[in-house]
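# Fold and geometry: a report
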Amino acid sequence: METNTHYIEKVYERLLEAITRGELKPGERVRQAVLAERLGVSRQPISHALQLLRHQGLLRDAGKQGVEVTPVNDEYIFHLYQARVSLEPLAASLSAERIKNRQAPEARVEAMRTALEIGHENLSSGAPVYLMVKADSRFHMSIYQLSGNSAVSAMMAGQWPHLMRSMLMVLDHPAVPTRAWEEHATIARHILNGSAAAAAEAATQHVERARLELIDRLKNTSRS
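Report on the accompanying structure. Source: prediction; values computed, not measured.

### Looking at the overall build of the protein chain
Check the secondary structure of the protein chain and you find 10 helices and 3 strands. Relative to the compact-globule value of 17 Å for 224 residues, the protein chain shows a C-alpha radius of gyration of 19 Å, a close match. The C-alpha extent of the protein chain, read off along each of the three principal axes, is 55 × 50 × 35 Å. A burial count over the protein chain gives 44% of its 224 residues as buried. Of the roughly 11,700 Å² of accessible surface on the protein chain, 51% is carried by carbon and sulfur atoms. Each charge sign in the protein chain was given a centre, from 27 positive and 25 negative side chains, and these centres are 4 Å apart.

As structure tokens, then:
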């Protein structure tokens, strides 16, 4: 059972990575036989992994053809950003409060610092867009975990694959990654200073700016 679970997790992570990186594109069919041969596993863990991804809304049934990658749902992404406008400032504020009150585990603080460093290193080296997106996810997840609010972490962990797919369409603009990581640095600075109100405000401005840029990009994409 443990071995089978290991294979399911392995296949799930490989497919999730391929979807969030854009290697498996919206509408692309995913065939069990091909995956089993490519990954060197039986069809059983493939089937379970596909079911998990279907449950997340990242795959959908495609009739006799099996399953396919679900297209990015603009309305759902808009709703996610509406939720983030509330959740991100909360997480940033709680994180700052924990640091101010010396309740934050050092490992969590260091995880946020490391995530910020990785993002800036990727930015300065001209890393591929998918790596920038992955670093963005890592930074925000580090704040959720630092906040100590397990509900925020659990809710957002399941949603970041959807956000990452949408961000692939935005972060390819030259100015966007630079601005995003400047804003990340500002959020982190306020958190590390224990300034809850300032951290929350910086997080609000960051998410709102990202939301408006995404809406604009999605609208332009739909027109083309």
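### Side note on the environment of Leu58
By the element assignment, Leu58 lies in the loop between α3 (43-55) and β2 (59-61). Distance from Leu58 to Pro71, taken between C-alpha atoms, is 8.1 Å for residues 13 residues apart in sequence. Setting aside residues up to four positions removed in sequence, Leu58 forms contacts with Leu16, Ile19, Leu53, Glu68, Val69, Thr70, Pro161, His162 and Arg165.

### Digging into helix α5 (residues 106-125)
Taking 1.5 Å per residue as the helical rise, α5 with its 20 residues ought to reach 28 Å, and the 28 Å between its terminal C-alpha atoms agrees with that figure. For α5, the full list of buried residues reads Val109, Met112, Ala115, Leu116, Gly119 and Asn122. In an axial view of α5, the angular spread of the buried residues amounts to 160 degrees, which keeps them on one side of the axis. More than 90 degrees from the buried face of α5, the exposed residues found are Glu106, Ala107, Glu121, Ser124 and Ser125. Backbone geometry just downstream of α5 places Gly126 in the positive-phi region, at approximately 65 degrees.

### Description of the nonpolar core
Core analysis: the biggest nonpolar cluster contains 43 residues, and Tyr81, Phe139, Trp160 and Ile191 have the highest contact counts within it. Mapped by element, the contributors of at least two residues to this core are α4 (74-100), α5, α6 (129-147), α7 (150-157), α8 (160-167), α9 (175-192) and α10 (196-223). If you look at the next biggest cluster of nonpolar residues, it comprises 20 residues, including Tyr12, Leu15, Ile19 and Leu58.

### Some words on the side chain of Ser166
The topology assignment puts Ser166 in helix α8. The contacts of Ser166, once residues within four sequence positions are left out, are Ile77 and Leu214.

### Concerning the pattern of salt bridges
In this structure the tally under the stated criterion is 12 salt bridges. The closest approach of N and O atoms between Arg21 and Glu17, which form a salt bridge, is 3.8 Å. Taken together, the residues span about one helical turn, with Arg21 and Glu17 both in helix α1 (residues 2-21) at a distance of 4 residues. Assessed through its relative accessible area of 26%, Glu17 is described here as partly exposed. Linking Glu208 and Arg211 is a salt bridge whose minimum nitrogen-to-oxygen distance equals 2.6 Å. Of this pair, Glu208 and Arg211 both sit in helix α10, 3 residues apart, which is roughly one turn of that helix. The exposure class of Glu208 is partly exposed, given its relative accessible area of 27%. Judged by relative accessible area, Arg211 falls into the partly exposed class, the value being 21%. Several salt bridges converge on common partners, so that one network encompasses Glu17, Arg21, Glu23 and Lys134.

The rules behind the values
Residues numbered from 1 in each chain as written. Predicted model: local features only at pLDDT ≥ 70, side-chain atom pairs only at ≥ 80, totals over all residues. Heavy atoms only, no water. Helix = DSSP H or I, 4+ residues; strand = E, 2+ residues; numbered from the N terminus. Rg over C-alpha atoms; globule rule 2.2 N^0.38 Å. Buried < 20%, exposed > 50% of the residue type's maximum accessible area, 1.4 Å probe, protein only. Areas by Shrake-Rupley, 256 points an atom, 1.4 Å probe, with all protein chains shown as cover. Lys, Arg positive; Asp, Glu negative; His and termini not counted. Charge placed at Lys NZ, Arg CZ, Asp CG, Glu CD. Contact = heavy atoms within 4.5 Å. Expected span 1.5 Å × (residues − 1). Arc of directions from axis to C-beta. Core = buried A, V, L, I, M, F, W, Y, C linked by side-chain atoms within 4.5 Å. Salt bridge = Lys/Arg side-chain N within 4 Å of Asp/Glu carboxyl O.

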